[in-house]
Amino acid sequence: MATFKAIRIDKAEKGTTVALTQFDEAELMEGDVTVRVEWSTLNYKDGLAVTGKAPVVRRFPMIAGIDFAGTVEASSHPQWKAGDKVICDGWGLGETHLGAYAEKARVKGDWLVRLPEGMSSREAMAIGTAGYTAMLSVLALEKYGLTPSDGPIVVTGAAGGVGSVATAILSKLGYRVVASTGRMAEADYLKDLGAAEVIDRAELSGPAKPLAKERWAGGIDSVGSTTLANVLSMTKYGGAVAACGLAAGMDLPTSVAPFILRGVCLLGIDSVMCPIERRKIAWSRLASDLDRGKLTEITQEIGLDEVVGAGAKILAGQVRGRIVVKIL
Ligand code: NDP
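The sections below set out a description of the structure shown in this document. (Residues numbered from 1 in each chain as written. Predicted model: local features only at pLDDT ≥ 70, side-chain atom pairs only at ≥ 80, totals over all residues. Heavy atoms only, no water.)

### Quick notes on the sheet that holds strand β9 (residues 153-156)
Note: strands within a sheet are paired through backbone hydrogen bonds, in either parallel or antiparallel orientation.
Move 1: Taken together, the 6 strands give an open sheet; going across it, the order is β11-β10-β9-β12-β13-β14, and neighbouring strands pair in parallel fashion. Unpaired on one side and paired on the other, β11 (195-200) and β14 (265-268) mark the two borders of the sheet. Here the average twist between neighbouring strands, direction ignored, is 20°.
Move 2: Sheet topology note: the strand β13 (residues 235-243)/β14 ladder contains 4 bridges and is parallel. Residue pairing in the sheet places V241 in a bridge with L266 of β14.
Move 3: Where helix α2 (residues 121-144) meets the sheet, it contacts β9, β12 (216-221), β13 and β14, and its direction lies at approximately 150° from that of β13.
Move 4: Lying over the sheet, helix α3 (residues 161-172) contacts β9, β10 (177-181), β11 and β12, oriented at roughly 160° with respect to β9. (Pairing = 2+ DSSP bridges. Helix = DSSP H or I, 4+ residues; strand = E, 2+ residues; numbered from the N terminus. Axes fitted to C-alpha atoms, helices over the stretch in contact; angles between N-to-C directions. Contact = heavy atoms within 4.5 Å.)

Spelled out as structure tokens, the structure:
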């Protein structure tokens, strides 16, 4: 019986159990491409899955992990052959389809993006779903028509994964970035990434007024709840905010005032079912518009045996930047 190492989640009488164990290759799900996984990463959603804090996993047994980079081992998909370097994120990996914290994955070839020229598998996962979501958010602001001359962009949850990558990309593109963080001790880290100004997230976490003083032309928000409501109420006339996260909550206690009195737009960002053509654009822009030196600065590396502990830390808001998980 062929087996491989994996982080397996099973349903228990109460909640779920998680274990680093051997997984039977015969249990792999349907797919036309089998990939030798080299690197994965730890995202907020992975934290929810491995700690069982939210019902992210909807099929059992499950292999956790929502994204990976690796090398194609076997393929019956016309676009892929053995030896190709690929990235996979979302599409239900680690939720409804056996996921990334494993030496092997079998997926649909249609889900895969080719590793950009000059980017290593490790760098791709240092970016991971969080970084790719940050780029989708930047693309949304650009599609809306914002440019650096329109004014500053606020990034919330700035010291987290999405926030760190968003800060680095926006500053490289010439935007003035206002980084909002609950960890003012990380102000120098955020300035090194390119933030022009660092503000305490307490300024944005109380109940929002319908309209407040106009402070920025746009925003990338990974926090949700009253933070997003405050960001909207402080957005300049005609600005736009990309909403991609819920680190503080799923609610949005706002009013229609920013939309109908200032023409502000709220842009929704989803990485999971994002169409493949948009993913390709995002990864190609990540290859050109994210400083690799800064990516190295924000990245820590852990092994598969450290994922569960790190999962609890990310939920507690204690992870700075990005974590890559070494699989092979
Ligand atoms: P991280 O935990 O790395 O970052 C989240 C950051 O949010 C924290 O570092 C912290 O930043 C801030 N934060 C945490 N808790 C609170 C709180 N209670 N109030 C205010 N701020 C808080 O997670 P990721 O960057 O990986 O993900 C961020 C969010 O984006 C998550 O909600 C995740 O589910 C979502 N997401 C959505 C995707 C999509 O497809 N739309 C894809 C990927 C992620 P600081 O310390 O700087 O204040």
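### As for the site of the ligand
Move 1: By nearness alone, 25 residues border the ligand, and T181, G182, R183, R201 and S271 come closest of all.
Move 2: Between the ligand and T181, the relevant distance is 2.6 Å, taken from an oxygen atom to a side-chain nitrogen or oxygen of the residue.
Move 3: Contacts to the ligand include I269, whose backbone N or O atom sits 2.9 Å from a nitrogen atom.
Move 4: Relative to its unbound accessible area of 920 Å², the ligand is 87% covered by the protein chains.
Move 5: Residue assignment for the shell around the ligand shows that the elements contributing at least two residues are α2 and α3.
Move 6: Here the shell around the ligand gets 3 residues from one element, more than from any other, and that element is α2.
Move 7: Residue composition of the shell around the ligand, by class: 12 nonpolar, 10 polar and 3 charged. (Near = heavy atom within 4 Å. Polar contact = N/O pair within 3.5 Å; in protein donor to acceptor, adjacent residues only side chain to side chain. Areas by Shrake-Rupley, 256 points an atom, 1.4 Å probe, with all protein chains shown as cover. Nonpolar A, V, L, I, M, F, W, Y, C, P; charged D, E, K, R; others polar.)

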